[in-house]
Amino acid sequence: MTIRSDILVAGAGAAGLTTAIALAGAGFSVTVAGGLDTRRNGRTVALFEASLRLYRSLGLWERLEPLSKPLRRIRLVDDTNNLFRLPPVQLEAAEIGLPAFGANIENAALVEKLAAIARETPGVRMIEGMLGDYVTHEDEIEGRLSTGERLAAALLVGADGRASQVRAYADVGVHEWRYPQTAITALLRHAEPHRSTSTEFHTRSGPCTLVPMRPDPSSPDGLRNRSSLVWLMSPDEAERRMALSDAELAGDIEAQVHGIHGRIALEGPRGMFPMSGLSCERLVAERIALVADAGHFFPPIGAQGLNLGLRDVAQLIDSMEKYGRTDPGCTHALADYDKRRRGDVATRSIGVDLMNRSLLIHILPMDFIRSAGLAAMASIGPLRRALMREGVAPPGRLPRLMRRAAHVAP
Ligand SMILES: Cc1cc2nc3c(=O)[nH]c(=O)nc-3n(C[C@H](O)[C@H](O)[C@H](O)COP(=O)(O)OP(=O)(O)OC[C@H]3O[C@@H](n4cnc5c(N)ncnc54)[C@H](O)[C@@H]3O)c2cc1C
């Protein structure tokens, strides 16, 4: 038996689930099939203003907000000991008229909640299982579940993450690269409050970032305050630190963040992520659209990954509403999606790559350029505000679902 719908979404991560819910909201029948990955690995996502607007427009934010913590300030600390080292730069959301830049949510909790919402959304059929064996026909595209069941639709959305099988089937040109870095992620409890401030230490091996999380009033050791950690380091150092006990790793973190949060304890399992990047020559192929990590990824610097992916999702809805009503897989709709996403994806991928490499290249001119950039950001108000806006809700033509202002809870 073949299950048919207007649109088939492969992948049930944050991007795939959001795509399915949003497409159903736009009136399409959707099947989303994917392996649900809700393993706890200390990984969170900071979602910025434009992403919150998307969830608010879809009516989902009130269900996600209780899982999140607003980010009101971002502190950038040059911890490279370079010759031109500057005092920390503090960015305030209030400076660009926002109550917060966005909100931080544990990735597994976000996926769990979106999956629960998808299951109860009219127009969405959710199937847990891996998809593959794609075949394209004239007016539809088919995939097969690991159980052998066939799924068919006019459009296949590849939201199946970094190792996307949809991308491989689409046979789009891909540029992939690696960095000599691995990220360790963990949830932390700590003694001192974070004051809704995300602090990014720029070290010679990459950033070490503490991102605010909701407090835990029932904390067993009195450490009520919570943050998530993303710490980039050499692969050897990451291996060594992953083998440390919780208490030993907590000690290393305290030293790296110069004790700003006081005593630290680890909460739950940690994660380890080798750093790499990928860009595609296009985000579409015959009856296929790629969204989020299936179409582009880069290191978690400036928390841009899923935010960029959700802009893909919001644009896909625009392109489908405009050109895909009778045939969601038609070339008009796909060409519109690809054209409107290309610039944003390329700028973001290049920007993150440059920021990361500027830390890894230990030469005086590079130190000077990086420090001059930070100094300009600290002292030139209009530049600082333009960069903040660019980071959280890029000005210009945002997709319809991202145009409304988000209201962040106190
Ligand atoms: C350490 C770290 C920190 C990060 N921090 C941030 C941040 O603060 N802010 C931010 O915006 N981004 C951040 N990112 C990036 C962000 O996590 C990713 O961009 C985002 O998770 C991508 O979501 P996705 O749904 O595209 O992919 P994934 O989360 O990888 O989901 C893909 C899904 O597809 C499923 N799947 C795979 N193959 C198949 C198949 N054949 N059939 C069906 N299903 C399949 C998988 O099981 C999975 O459920 C971070 C990334 C890392 C590594």
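Everything quoted here is computed from the prediction, not taken from an experiment.

**Q** I'm lost on the overall build of the protein chain in this one. Help?
**A** In terms of helices and strands, the protein chain carries 11 helices and 19 strands. The principal-axis extent of the C-alpha atoms belonging to the protein chain is close to 60 × 45 × 40 Å. Residue pairs at least 24 apart in sequence account for 75% of intrachain contacts in the protein chain once pairs closer than 6 positions are excluded. Split by element, the accessible area of the protein chain, about 16800 Å² in all, is 54% carbon and sulfur. Once the 49 positive and 47 negative side-chain charges of the protein chain are each reduced to a mean point, those two points are 5 Å apart.

**Q** For this particular structure, what's the right way to read the sheet that holds strand E6 (residues 89-92)?
**A** Two strands in a sheet stick together by hydrogen bonds in their backbones, pointing the same way (parallel) or opposite ways (antiparallel). As summarised here, the arrangement of the eight strands in space is E6-E5-E13-E14-E15-E12-E16-E19, forming an open sheet in which the pairing is mixed. At either end of the open sheet lies a strand with only one pairing partner, and these are E6 and strand E19 (296-297). Pairing between strand E12 (residues 174-190) and strand E15 (residues 225-233): nine bridges, direction antiparallel. By the bridge assignment, Arg189 is partnered in E15 with Arg226.

**Q** Looking at this model, I keep getting lost on the site of the ligand. Mind explaining?
**A** Around the ligand, a shell composed of 29 residues is seen, among which Gly35, Arg43, Ala46, Asp293 and Leu306 lie nearest. Measuring from an oxygen atom of the ligand, one finds a backbone N or O atom of Leu306 at 2.8 Å. Protein contacts shield 88% of the accessible area of the ligand, which totals 1000 Å² for the unbound molecule. At the level of secondary structure, the elements contributing two or more residues to the shell around the ligand comprise helix H1 (14-25), strand E2 (30-34), strand E3 (44-48) and helix H8 (305-323). Of the residues that constitute the shell around the ligand, the class distribution is 14 nonpolar, 12 polar and three charged.

**Q** Help me understand the packing of H1 against H8 in this model?
**A** When two helices pack together, you describe them by how their axes are tilted relative to each other and by the distance separating the axes. At a closest axis distance of 10 Å, the pairing of H1 and H8 adopts a crossing angle of 25°. In terms of orientation, H1 lies roughly parallel with respect to H8. Read as a crossing pair, H1 and H8 show a hand that is right-handed. From H1, Ala14, Ala15, Thr18, Thr19, Ala22 and Leu23 reach across to H8, where they touch Leu306, Leu310, Val313, Leu316, Ile317 and Met320. A per-class count over the contact of H1 with H8 returns 10 nonpolar, two polar and no charged.

**Q** Just to check I follow, could you spell out the sheet that holds strand E7 (residues 102-106) for this structure?
**A** One open sheet accounts for three strands, arranged E3-E7-E4; its pairing is antiparallel. Single-partner strands in this sheet number two, and they are E3 and strand E4 (69-71). Strand after strand, the sheet turns through a mean of 30° between neighbouring axes, direction not considered. The pairing of E3 with E7 spans five bridges and is antiparallel. What sits directly across from Thr44, in E7, is Glu106.

**Q** Could you clarify how one ought to interpret the packing of aromatic side chains in this entry?
**A** For any two aromatic rings, the description comes down to two numbers: the centre-to-centre distance and the angle of the planes. In total, this model carries one aromatic pair according to the counting rule given. Taking 5.7 Å as the distance between ring centres and 45° as the angle between the ring planes, the aromatic pair formed by Tyr134 and Tyr169 counts as tilted. Residue Tyr134 is found in strand E9 (residues 131-136), and its partner Tyr169 is found in helix H5 (residues 165-170); the two are separated by 35 residues along the sequence. Given a relative accessible area of 9%, Tyr134 falls into the buried group. Residue Tyr169 is classed as partly exposed on the basis of its relative accessible area, which comes to 32%. The aromatic ring of Phe297 is capped on one face by Arg162, whose charged end is 4.2 Å from the ring centroid.

Reading guide: rules and limits
Residues numbered from 1 in each chain as written. Predicted model: local features only at pLDDT ≥ 70, side-chain atom pairs only at ≥ 80, totals over all residues. Heavy atoms only, no water. Helix = DSSP H or I, 4+ residues; strand = E, 2+ residues; numbered from the N terminus. Contact = heavy atoms within 4.5 Å. Areas by Shrake-Rupley, 256 points an atom, 1.4 Å probe, with all protein chains shown as cover. Lys, Arg positive; Asp, Glu negative; His and termini not counted. Charge placed at Lys NZ, Arg CZ, Asp CG, Glu CD. Pairing = 2+ DSSP bridges. Near = heavy atom within 4 Å. Polar contact = N/O pair within 3.5 Å; in protein donor to acceptor, adjacent residues only side chain to side chain. Nonpolar A, V, L, I, M, F, W, Y, C, P; charged D, E, K, R; others polar. Axes fitted to C-alpha atoms, helices over the stretch in contact; angles between N-to-C directions. Parallel < 35°, antiparallel > 145°, perpendicular 65-115°, else oblique. Left-handed = near helix turned anticlockwise from the far one by under 90°. Phe/Tyr/Trp six-rings, centres within 6.5 Å; stacked < 30°, edge-to-face > 60°. Buried < 20%, exposed > 50% of the residue type's maximum accessible area, 1.4 Å probe, protein only. Lys NZ or Arg CZ within 6 Å of the ring centre and 35° of its normal.

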